[in-house]
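# Remarks on the overall topology
Spelled out, the chains give:
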Amino acid sequence: MWNYEKRLQYPVNITQPNAKIAQYIMSQYGGPDGEIGASMRYLSQRFTMPNRMAAAVLNDVATEELAHLEMVSTIVHQLTRDLSMEEIEKSGLGPYYIDHTVGVWPQAAGGVPFNACEFQSKGDPITDLFENLAAEQKARSTYDNILRVVRDMPEIADPIKFLRAREVVHFQRFGEALRSIQEELDAKNFYAFNPSFDNPCTASRDGCK
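Note that the coordinates shown come from a computational prediction; the quantities given were computed from them, not determined experimentally.

### Remarks on the overall build of the protein
- Helices and strands together make up the secondary structure of the protein, namely eight helices and two strands.
- Counting helices and strands in the order they occur from the N terminus, the protein gives α-α-α-α-α-α-α-α-β-β.
- Taking all 209 residues of the protein together, the buried fraction comes to 42%.
- Approximately 11,400 Å² of the protein is accessible, and the part contributed by carbon and sulfur atoms is 53%.

### A few points about the packing of helix H3 (residues 35–45) against helix H7 (residues 125–150)
- Viewed as axis vectors pointing N to C, H3 and H7 meet at an angle of 165 degrees, and their least axial separation amounts to 11 Å. Compared by their axis directions, H3 and H7 come out roughly antiparallel. Here the hand of the crossing between H3 and H7 comes out left-handed. Packed against H3, whose contacting residues are Glu35, Arg41, Tyr42 and Gln45, the element H7 presents Asp128, Glu131, Asn132, Ala135, Glu136 and Tyr143 at the interface.
- The class makeup of the residues in the contact of H3 with H7 is three nonpolar, two polar and five charged.

### A short note on the packing of aromatic side chains
- Within this structure, the stated rule accounts for two aromatic pairs.
- The interplanar angle of 25 degrees and the centroid separation of 4.9 Å between the aromatic rings of Tyr10 and Phe162 together place this pair among those described as stacked. Remark: Phe162 occurs in helix H8 (residues 154–182) and Tyr10 occurs in the segment before helix H1 (19–25); sequence separation between them is 152 residues.

### Here we look at the nonpolar core
- Grouped together as the largest cluster of nonpolar side chains are 28 residues, with contacts concentrated most on Ile25, Leu79, Ile156 and Ile160.
- Of all the secondary structure elements, the ones that give two or more residues to this core are H1, helix H4 (52–80), H7 and H8.
- The dominant element in this core, judged by the number of residues it contributes, is H4, at six residues.
- Residues within four places of Ile160 in sequence aside, it is in contact with Ile25, Ile75, Tyr143, Ile146 and Leu147.

### Focus on the pattern of salt bridges
- Taken as a whole and assessed by the stated rule, the structure comprises eight salt bridges.
- One salt bridge in this structure joins Glu131 and Arg41, with 3.5 Å as the shortest N-O distance. On the criterion of sequence distance, the pair formed by Glu131 in helix H7 and Arg41 in helix H3 is long-range, its members being 90 residues apart.
- Two residues, Lys90 and Glu86, come together in a salt bridge whose shortest N-O distance is 3.0 Å. Taken together, the residues span about one helical turn, with Lys90 and Glu86 both in helix H5 (residues 85–91) at a distance of four residues.
- With relative accessibility at 66%, the residue Lys90 sits in the exposed group.
- A relative accessible area of 49% places Glu86 in the partly exposed class.
- Taken together, the shared-partner salt bridges connect Arg140, Asp144 and Arg164 into one network.

### Details of H7
- Its 26 residues give H7 an end-to-end C-alpha distance of 37 Å, which sits within 8% of 38 Å, the value for a rise of 1.5 Å per residue.
- The opening residue of H7, the one whose side-chain oxygen lies 3.1 Å from the backbone nitrogen of Ile126, is Asp124.

### A word on the packing of H4 against H8
- Look at H4 against H8: their axes get within 10 Å of each other, and the N-to-C directions meet at 165 degrees. One element, H4, and the other, H8, form an angle in the roughly antiparallel class. The handedness of the crossing between H4 and H8 comes out as left-handed.
- Of the residues contributing to the contact of H4 with H8, the split by class is 17 nonpolar, three polar and seven charged.

Parameters at a glance
Residues numbered from 1 in each chain as written. Predicted model: local features only at pLDDT ≥ 70, side-chain atom pairs only at ≥ 80, totals over all residues. Heavy atoms only, no water. Helix = DSSP H or I, 4+ residues; strand = E, 2+ residues; numbered from the N terminus. Buried < 20%, exposed > 50% of the residue type's maximum accessible area, 1.4 Å probe, protein only. Areas by Shrake-Rupley, 256 points an atom, 1.4 Å probe, with all protein chains shown as cover. Axes fitted to C-alpha atoms, helices over the stretch in contact; angles between N-to-C directions. Parallel < 35°, antiparallel > 145°, perpendicular 65-115°, else oblique. Left-handed = near helix turned anticlockwise from the far one by under 90°. Contact = heavy atoms within 4.5 Å. Nonpolar A, V, L, I, M, F, W, Y, C, P; charged D, E, K, R; others polar. Phe/Tyr/Trp six-rings, centres within 6.5 Å; stacked < 30°, edge-to-face > 60°. Core = buried A, V, L, I, M, F, W, Y, C linked by side-chain atoms within 4.5 Å. Salt bridge = Lys/Arg side-chain N within 4 Å of Asp/Glu carboxyl O. Expected span 1.5 Å × (residues − 1). Polar contact = N/O pair within 3.5 Å; in protein donor to acceptor, adjacent residues only side chain to side chain.

Following this line, the structure appears as structure tokens:
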């Protein structure tokens with residue numbers, strides 16, 4: 001169960017619409033490395049984590065990704081509200097407009113719709129945590145790319161900088177979760193099995209027993 005505070009995690013106050021920039025930032029809503037995929041990935045993977053520390057990290061980060069989803073959708077909305085048809089046509093937003101008007105809908109910057117096949121829940125904690133580390137780096141790289149485009153637009157760049165910084169924090173926390181799993185394995189051997197099945201342990205308050 002979650003408690004929802006009716007405020008953004010970081011304020012978004014964009015005064016100048018810009019349909020072209022909205023199409024770039026939209027990718028972090030429903031693109032291959034966007035916030036929908038991140039949240040769904042972590043909420044799905046948490047069930048097969050073999051200790052409570054790793055499961056809690058996945059739950060916490062997944063919840064924050066929902067907050068980031070709200071931020072990104074707010075940015076896209078504020079960039080596309082009050083656009084004239086001339087601005088929509090000139091910006092290249094026309095095809096999107098035909099299907100969605102200026103509603104917020106999950107797709108990549110290139111127009112590819114969100115697809116759950118873009119992320120994995122393998123049930124193997126080592127595999128899943130390595131995927132998560134890569135996912136956070138890819139999201140950070142995407143925000144880097146966006147920042148290069150909006151560097152001279154502070155009202156857009158500031159919330160994007162916040163989102164980028166959180167990707168770095170999430171990467172660190174997934175690294176800590178990975179370490180907690182690896183410490184329960186035989187560190188002298190290369191990892192070659194799924195501890196959830198081949199070396200089962202029972203989650204407890206203090207980890208595996």
